[in-house]
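# Inside the fold
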Amino acid sequence: MCEMTIETVKSTIKGHLGELLNPAQIGDNDLLIDDLGADSIVIVQLYLSCQEDFGILVSEELDLYISQSVQSLSEVVMQKISEEAEQ
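Source: prediction; values computed, not measured. (Residues numbered from 1 in each chain as written. Predicted model: local features only at pLDDT ≥ 70, side-chain atom pairs only at ≥ 80, totals over all residues. Heavy atoms only, no water.)

### A few points about the nonpolar core
Let me state the cut-off plainly: Here, nonpolar core refers to any group of buried Ala, Val, Leu, Ile, Met, Phe, Trp, Tyr and Cys residues whose side-chain atoms link them within 4.5 Å. Per-residue accessibility, obtained with a 1.4 Å probe over protein chains only, is compared with the maximum for each type, and a residue is labelled buried under 20%, exposed over 50%, and partly exposed between these values. Put simply, DSSP marks the helices as runs of H or I at least four residues long and the strands as runs of E at least two long, and each gets a number from the N terminus on. Between two residues, a contact is recorded if the distance between any of their heavy atoms is within 4.5 Å.
In this structure, Ile 13 and Val 77 are the most contacted members of the largest nonpolar core, which totals 23 residues. Where this core is concerned, the elements lending two or more residues are helix H1 (6–21), helix H2 (40–54) and helix H3 (70–86). If near-sequence neighbours (up to four positions away) are discounted, Val 77 is found in contact with Val 9, Ile 13, Cys 50, Phe 54, Ile 56 and Val 58.

Dropping the structure here:
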């Protein structure tokens, strides 16, 4: 896997959210549930997309019932990418 930046991760996540929810705009601090209106199905789809795109497993760190921001999800993804690279 090539060197990944947090901006690339955020862009990818925003792209998936755009396809799933079609919001007018998506900010880094927008909360998936509260601000963007994501439900548990959308969140599971987003997690699965992250797993496929980045080759990581994020479900252990994230709770479906706590509204994560785009930024916080991106940080978790970056941490998992780093952990995978170390193995």
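Structure's up, so let's keep going.
### Brief notes about unusual backbone geometry
One non-glycine residue with positive phi stands out, namely Asn 22, at about 55°. Mapped onto the fold, Asn 22 is located in the loop between H1 and H2.

### Re the pattern of salt bridges
The condition that has to hold: Salt bridges are defined as contacts in which a side-chain nitrogen from Lys or Arg sits within 4 Å of a carboxyl oxygen from Asp or Glu.
Applying the stated rule across the entire model yields four salt bridges. One salt bridge connects Asp 28 with Lys 10, and the closest N-O pair in it is separated by 3.0 Å. Of this pair, Asp 28 sits in the loop between H1 and H2 while Lys 10 is found in helix H1, placing the two residues 18 residues apart along the sequence. The exposure class of Lys 10 is buried, given its relative accessible area of 6%. Between Lys 14 and Asp 28 there is a salt bridge; the shortest N-O distance is 2.6 Å. Taken together, the residues span a long stretch of sequence, with Lys 14 in helix H1 and Asp 28 in the loop between H1 and H2 at a distance of 14 residues. When its relative accessible area of 26% is taken as the criterion, Asp 28 is described as partly exposed. Via salt bridges that share partners, Glu 7, Lys 10, Lys 14 and Asp 28 belong to a single interconnected network.

From the geometry alone we can't say anything about function, so treat these as descriptive.
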